[in-house]
Amino acid sequence: MPRIEPLVPPYSPAVDRALRRWMPPGVPHEPLRLFRVLHRNPELASRMFTLGAGLLGHGLLPAADREFVIARVTARSGCAYEWGVHAATLAPRAGLGPEQLRATTDVDRGVRPASLTGRHAALLAAVDELHDTARLSEPAWDALRAHYEDAQLLEFLVLAGWYRTISYLANGLLLEEEPWAEPFPVAP
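Worth saying up front: this structure is predicted, and the values here are computed from it rather than measured.

Caption draft 1: Local environment of helix H5 (residues 80–88). For H5, the tally of buried residues reaches eight of nine residues, placing the bulk of the element in the interior. Among the residues making up H5, those that are buried are Ala-80, Tyr-81, Glu-82, Trp-83, Gly-84, Val-85, His-86 and Ala-87.

Have a look at this one:
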């Protein structure tokens, strides 16, 4: 049971408009539990929408790289809620396959599948360093720089931090996973 209950329909007209803005057109699902909880504080939700929508819809990183970073950050943060939402929807649309998604969940074993491209291996290592130390070593930075421009590197750092924040939020609220979300893989 979540610590703060998500809003349930019928929504006020203002909340209904705001929630529809958060969900892509034509999505067959109810607005996400996370969004419905955030709208218990509409001002905060509105401020968060700007950055979240900007990162997802107007970013400079390739969509597959963005989703790879999100999957690794949420996996390292133990956030099955957000990992499952992205794994079920945005990651496949961005071109991430099951093997790439699985690589993001091999958290404790330091597994670096040979199938990862150079840039995905660099992203995985950088997310891990940020998660463990809140810093990037010169080798990790140089590995990223081989694939990305300055503006993309700035976006990467914000993206990783944003999804750490989202993980804190979902985990702190004890949000139940969406019924249609991809289940978080259990290590063998």
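Here the narrative resumes.
Caption draft 2: Representation of the nonpolar core in the model. Val-69, Tyr-81, Leu-144 and Phe-156 are the most contacted members of the largest nonpolar core, which has 51 residues in total. Elements with a contribution of two residues or more to this core: helix H1 (13–22), helix H2 (33–38), helix H3 (42–57), helix H4 (63–76), H5, helix H7 (98–105), helix H8 (118–133) and helix H10 (150–173). Looking at which element gives the most residues to this core, the answer is H10, with nine residues.

Caption draft 3: Region of interest: the packing of aromatic side chains. Tallied over the full model, the rule gives three aromatic pairs. Among the aromatic side chains, those forming a connected cluster through ring pairs are Trp-22, Phe-35 and Phe-49.

Caption draft 4: Spotlight on the environment of Leu-60. Tracing the chain through its elements places Leu-60 in the loop between H3 and H4. The spatial distance from the C-alpha of Leu-60 to the C-alpha of Glu-149 is 9.5 Å, given a sequence separation of 89 residues. The residues touching Leu-60, leaving out its near neighbours within four places in the chain, are Ala-151, Gln-152 and Glu-155.

Caption draft 5: View of the packing of H4 against H7. Contact geometry of H4 with H7 gives a least axis separation of 8 Å together with a crossing angle of 35°. Relative to H7, the crossing made by H4 is right-handed. Only Gln-100, Leu-101, Ala-103, Thr-104 and Thr-105 of H7 make contact with H4, whose side of the interface consists of Phe-68, Ala-71, Arg-72 and Ala-75. Here the residues of the contact of H4 with H7 are counted per class, giving five nonpolar, three polar and one charged.

Caption draft 6: View of the layout of surface pockets. Size it by volume and the largest pocket reaches roughly 650 Å³. Contributing to the lining of the largest pocket are 28 residues, with Trp-22, Pro-24, Phe-35, Leu-56 and Leu-90 lying nearest its centre. Mapped by element, the contributors of at least two residues to the lining of the largest pocket are H1, H2, H3, H5, helix H6 (90–94) and H10. Here the second largest pocket defines a volume of roughly 160 Å³. If you go around the second largest pocket, the residues you meet are Val-73, Val-127, Leu-130, His-131, Thr-133, Ala-134, Leu-157, Ala-160, Gly-161 and Arg-164. Every element with two or more residues in the lining of the second largest pocket is listed here: H8 and H10. Considering only residue class, the lining of the second largest pocket consists of six nonpolar, three polar and one charged.

Caption draft 7: Summary view of unusual backbone geometry. Along the chain, Pro-9 connects to Pro-10 via a cis peptide bond; the corresponding omega equals 0°. Mapped onto the secondary structure, Pro-10 falls in the segment before H1. Residues other than glycine seldom take positive phi values, yet Ala-134 does so here, at roughly 60°. Its place among the elements puts Ala-134 in the loop between H8 and helix H9 (138–145). For Leu-174, which is not glycine, the phi torsion reads 60° and is therefore positive. Structurally, Leu-174 can be placed in the segment after H10.

Rules used throughout
Residues numbered from 1 in each chain as written. Predicted model: local features only at pLDDT ≥ 70, side-chain atom pairs only at ≥ 80, totals over all residues. Heavy atoms only, no water. Buried < 20%, exposed > 50% of the residue type's maximum accessible area, 1.4 Å probe, protein only. Helix = DSSP H or I, 4+ residues; strand = E, 2+ residues; numbered from the N terminus. Core = buried A, V, L, I, M, F, W, Y, C linked by side-chain atoms within 4.5 Å. Phe/Tyr/Trp six-rings, centres within 6.5 Å; stacked < 30°, edge-to-face > 60°. Contact = heavy atoms within 4.5 Å. Axes fitted to C-alpha atoms, helices over the stretch in contact; angles between N-to-C directions. Left-handed = near helix turned anticlockwise from the far one by under 90°. Nonpolar A, V, L, I, M, F, W, Y, C, P; charged D, E, K, R; others polar. 1 Å grid on protein atoms, 1.4 Å probe; cavity = no way out; pocket = protein on both sides within 12 Å on 5 of 7 lines; lining within 4 Å. Points joined across faces, edges and corners; volume = space filled by probe spheres on them.

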